[in-house]
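# Structural features, examined
Residue-level listing of the chains:
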Amino acid sequence: MATINPYQTYQQNSVMTASPEELTLMLYNGCLKFTKLAKKAMQDKQFEEKNKNLLKAQAIIQELRSTLNPDIALSKELEQLYEYQNNALMEANMKNDEAALDAVLADITELRNTWKQAMVLAKQ
């Protein structure tokens, strides 16, 4: 019989009840989390763990790309940025390139912080 994990239930409920804006913030936070975990694994020479976390970060980037609205001008620039980040994550994975991970972390952190600020301003 499977044991129910209260934290997992909470996370699942958080996602199911989140607004689209909150879901986007969760995606940015998840991408940051998995990229940082991949960087740590890379430093520790745990290559399987690095690969697993980078694939998760790439999946999040792809999800962010799929949510773009082509009718909004900013979407074209964001799509190019997401494509660059996805390629940087692939290259970092193949070449164990920490600098590429740092660049993605900086970009995603900036996007996440901007998104958070926009959410606050939209509520005013």
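Quick caveat, the model's predicted, so the values are computed rather than measured.

How each quantity is defined
- Counting starts from 1 at the beginning of each chain's written sequence and moves along it residue by residue.
- Reporting of local features is limited, given that this is a predicted model, to residues whose pLDDT is at least 70; pairs of side-chain atoms are given and counted only at 80 or more, and all residues count toward the totals for whole chains, interfaces and linings.
- Based on all heavy atoms of the structure, the side-chain values leave hydrogens and waters out of the count.
- What is meant by a nonpolar core is a set of buried Ala, Val, Leu, Ile, Met, Phe, Trp, Tyr and Cys residues, joined one to another through side-chain atoms within 4.5 Å.
- Each residue gets one of three labels from its accessible area relative to the maximum for its type: buried under 20%, exposed over 50%, partly exposed in between, using a 1.4 Å probe on protein chains only.
- Strands here are runs of E lasting at least two residues and helices are runs of H or I lasting at least four, both read from the DSSP assignment and numbered beginning at the N terminus.
- Any two residues whose heavy atoms approach within 4.5 Å are treated as being in contact.
- Axis definition: a line fit to C-alpha positions, over the contact stretch in the case of helices; interaxial angles, taken between N-to-C directions, run 0 to 180 degrees.
- Under this scheme an angle from 65 to 115 degrees is roughly perpendicular, one under 35 degrees roughly parallel, and one over 145 degrees roughly antiparallel; angles in between are oblique.
- Known as pLDDT, the predictor's per-residue confidence is scaled from 0 to 100.

A separate point is the nonpolar core. In terms of nonpolar packing, the biggest core is built from 24 residues, with Ile61, Leu64, Tyr82, Leu89 and Ile108 touching the most fellow members. For this core, the elements supplying multiple residues, two or more each, are helix 2 (20-43), helix 3 (47-66), helix 4 (73-95) and helix 5 (98-123). Considering each element in turn, this core owes the most residues, 7 residues, to helix 2. Those residues in contact with Tyr82 that lie beyond four places of it in its chain are Tyr28, Ile61, Leu64, Arg65, Leu68 and Leu111.

The subject of this paragraph is the packing of helix 3 against helix 4. It is the contact of helix 3 with helix 4, at a shortest axis distance of 10 Å, that shows an interaxial angle of 170°. What the angle tells us is that helix 3 and helix 4 run roughly antiparallel. Facing Lys50, Asn51, Leu54, Ala57, Gln58, Ile61, Gln62, Leu64 and Arg65 of helix 3, the residues of helix 4 in contact are Glu79, Tyr82, Glu83, Gln85, Asn86, Leu89, Met90, Ala92 and Asn93.

Confidence in the prediction for the protein averages 92 pLDDT; 89% of positions are at 70 or higher. Mean pLDDT across the secondary structure elements of the protein bottoms out at helix 1 (residues 6-17), with 62, and peaks at helix 3, with 98.

Here we take up unusual backbone geometry. In this structure, Lys45 is a non-glycine residue whose phi angle is positive, near 60°. With respect to the helices and strands, the residue Lys45 is situated in the loop between helix 2 and helix 3. At Asn96, a residue that is not glycine, the phi angle is positive and equals roughly 50°. Within the secondary structure layout, Asn96 lies in the loop between helix 4 and helix 5.

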